[in-house]
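Close look at the chain arrangement
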Amino acid sequence: MKYSSWFVVILLLLPISALAFFRPVWVLIPEAFGVYCNKQNLCVEDLSRLAAAESLLNDSKSYLATQWGLSIGEPKIIFCSTEQCRSAFGLSNKAGFTLGSFAIAIAPRGWQQYYVAHELIHHWQADNFGSLVLLTGEQWLIEGMAYALSNDPRIELQQPFESYRQRFNDWYRLNAGIPLKESLGGVL
């Protein structure tokens, strides 16, 4: 009985500890941290920026569907436009991050189509292959795909990301003609 009581206490404290000490988890309940979310799970801290965020999200989803056949649903996505929001959601120096299939956060500098598309690709990966794939999968494939398919305009990325993008492009050329999801299924 003693062990079961400790187990219950740990189970109760785990989510509270995660919310208190791991800020990226805050994307699960963004309204509690100063942002407004509409019915499509699009969240902003400044309602005057909602239309811009919506346009950027729709353009990014349309690009991924048209160019690569990736069907993205309606992930919860938080667009931060201030440093306070960026800090609140634990973005540090990142342009954005994806918390599995749960949510995406975009930093103020991430309001570019290729950054949003990059995070949507990670969301697609989690939706189709499981959230743990983002942590345990081959990084050259996870990150390489996101950099390559997002139309990132940077000629050279910092390492190891440039080598990931190049390795993914090489792999993709070898799998030309095979639907992307099918070809990835054998690797992820």
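Residues numbered from 1 in each chain as written. Predicted model: local features only at pLDDT ≥ 70, side-chain atom pairs only at ≥ 80, totals over all residues. Heavy atoms only, no water.

**Comments concerning the pattern of salt bridges**
- Counted by the stated rule, this structure contains 4 salt bridges.
- In this structure, the salt-bridge partner of Asp152 is Arg154, at a minimum N-O distance of 2.6 Å.
- Under the relative-accessibility criterion, Asp152 is labelled buried at 10%.
- Residue Glu162 pairs with Arg165 through a salt bridge whose shortest N-O separation is 2.6 Å. Of this pair, Glu162 and Arg165 both sit in helix H7 (residues 161–174), 3 residues apart, roughly one helical turn.
- The class of Arg165 is buried, set by a relative accessible area of 8%. (Salt bridge = Lys/Arg side-chain N within 4 Å of Asp/Glu carboxyl O. Buried < 20%, exposed > 50% of the residue type's maximum accessible area, 1.4 Å probe, protein only. Helix = DSSP H or I, 4+ residues; strand = E, 2+ residues; numbered from the N terminus.)

**Details of the nonpolar core**
- By size, the foremost hydrophobic cluster in this structure holds 30 residues, and its most contacted members are Phe79 and Met145.
- Mapped onto this core, the elements with two or more residues apiece are strand S2 (42–44), helix H2 (50–68), strand S3 (76–79), strand S5 (103–106), helix H4 (113–129), helix H6 (139–149), H7 and helix H8 (180–185).
- Each residue touching Phe79, except ones within four places of it in the same chain, is listed here: Leu42, Cys43, Val44, Glu45, Ala53, Leu56, Leu57, Ile106, Trp111 and Val116.
- Listed in part, the 12 residues of the second largest apolar core include Val35, Cys43, Leu91 and Ala107. (Core = buried A, V, L, I, M, F, W, Y, C linked by side-chain atoms within 4.5 Å. Contact = heavy atoms within 4.5 Å.)

**Concerning the packing of H4 against H6**
- At a minimum axis distance of 8 Å, the contact between H4 and H6 shows a crossing angle of 135°. Judged by the angle between their axes, H4 and H6 are oblique. Considering the relative orientation of H4 and H6, their crossing is right-handed. Counted together, His118, Ile121, His122, Trp124 and Gln125 of H4 and Leu141, Ile142, Glu143, Met145, Ala146, Tyr147 and Leu149 of H6 form the full contact between these two elements.
- Of the residues contributing to the contact of H4 with H6, the split by class is 8 nonpolar, 3 polar and 1 charged. (Axes fitted to C-alpha atoms, helices over the stretch in contact; angles between N-to-C directions. Parallel < 35°, antiparallel > 145°, perpendicular 65-115°, else oblique. Left-handed = near helix turned anticlockwise from the far one by under 90°. Nonpolar A, V, L, I, M, F, W, Y, C, P; charged D, E, K, R; others polar.)

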